[in-house]
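# Survey of secondary and tertiary structure
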Amino acid sequence: MTSVRDRWLSNRAVSLHVAALVLVPACALAAWWQVSRAQDGNDLSYVYSVMWPVFGVLAIVFWWMLIHTDYETVGLKGMRRQQADSPALPPARADAAAEPTAADDPELAAYNARLADLASQGPKTWRHRESVVVRRGP
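About the thresholds
Throughout, a residue's number is its position along its own chain's written sequence, starting from 1. Only residues with pLDDT of at least 70 are given local features in this predicted model, and only at 80 or more are side-chain atom pairs given and counted; all residues enter the totals for whole chains, interfaces and linings. Excluded from the side-chain calculation are hydrogens and water; included are all heavy atoms of the structure. Strands here mean DSSP runs of E at least two residues long; helices mean DSSP runs of H or I at least four residues long; both are numbered from the N terminus. Think of it in three bands: residues with accessible area under 20% of the maximum for their type are buried, residues over 50% are exposed, and the middle band is partly exposed, with areas taken using a 1.4 Å probe on protein chains only. An expected span of 1.5 Å times one less than the residue number is assigned to each helix. Here a polar contact is taken to be a pair of N or O atoms separated by no more than 3.5 Å, where protein atoms must pair a possible hydrogen donor with a possible acceptor and residues adjacent in sequence count only if both atoms sit in side chains. Should any heavy atoms of two residues lie within 4.5 Å, those residues are counted as being in contact. The criterion for an aromatic pair is that two Phe, Tyr or Trp rings (for Trp, the six-membered ring) have centres within 6.5 Å, with stacked assigned to planes under 30 degrees apart, edge-to-face to planes over 60 apart and tilted to the rest. Exposure above 30% relative accessible area and no salt bridge define the residues that can form patches, which grow by joining like charges within 9 Å and nonpolar side chains of Val, Leu, Ile, Met, Phe, Trp and Tyr within 5 Å. Only the protein chains shown count as cover for residues, and the accessible areas themselves come from Shrake-Rupley with a 1.4 Å probe. Here, a salt bridge means any side-chain nitrogen of Lys or Arg that lies within 4 Å of a carboxyl oxygen of Asp or Glu.

## Some remarks on the side chain of Gln34
Looking at where Gln34 falls in the secondary structure, it is placed in helix H2 (residues 11-39). Residue classification places Gln34 among the buried positions, given a relative accessible area of 5%.

## Quick word on helix H5 (residues 106-121)
Helix length check: H5 (16 residues) gives 23 Å between terminal C-alpha atoms against 22 Å at 1.5 Å per residue, within 8%. Measuring from the side-chain oxygen of the N-cap residue of H5 to the backbone nitrogen of Glu107 gives 3.2 Å; that N-cap residue is Asp105. Backbone geometry just after H5 places Gly122 at a positive phi near 90°.

## A word on H2
Across its 29 residues, H2 extends 42 Å between first and last C-alpha, which sits within 8% of the 42 Å expected from 1.5 Å per residue. Buried residues belonging to H2 abut helix H1 (4-9) and helix H3 (44-68). Two residues or fewer after H2 comes Gly41, characterised by a positive phi angle close to 115°.

## Let's talk about the packing of aromatic side chains
By the definition in use, this model includes 4 aromatic pairs. With a centroid separation of 5.5 Å and 85° between ring planes, the pair formed by Trp52 and Phe55 is classed as edge-to-face. In this pair, Trp52 and Phe55 are both assigned in helix H3, 3 residues apart and thus about one turn of the helix distant. Overall, Trp52 belongs to the partly exposed group, its relative accessible area being 26%. When its relative accessible area of 38% is taken as the criterion, Phe55 is described as partly exposed. Ring-pair connections join several aromatic residues into one group, and the members of that group are Trp8, Trp63 and Trp64.

## Things to note about a nonpolar patch on the surface
Taken together, the side chains of Val50, Val54, Phe55, Val57, Leu58, Val61, Phe62, Met65, Leu66, Tyr71 and Val74 define a hydrophobic patch exposed on the protein surface, amounting to about 930 Å² of accessible area. You can see Val74 is positioned in the loop between H3 and helix H4 (75-85).

## Quick word on the environment of Tyr71
Among the structural elements, Tyr71 can be located in the loop between H3 and H4. Taking relative accessible area as the criterion, Tyr71 reaches 38% and is therefore assigned partly exposed.

Next comes the structure, spelled out in structure tokens:
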């Protein structure tokens, strides 16, 4: 868990504070400008006069979420930490014998083999595309 000082006074947090302090008044100013244009007869400005306050509220919501997100517990870093902290696999359940296994179901065995093949190829990116097209049976 991050400390209060790290959460509110880190470089990242200060830059988020500055962004919020610039964006929210800018949205309020833009809304006021659109209201004055709408009063002059520009009908489309009525929509914009509602849109800008919504953007200001979204800026506040995103600022709050980004400040309060604990990056030690979310994302890839958090998943790795949870995986390292978790105990070994839980013991087998008593009803696990009733579930189908790859030996019982050839379709499940083919699916598992396909997953193992994909895992052995590494991540699929734009540089490393999968060349095999999987065709489903009739």
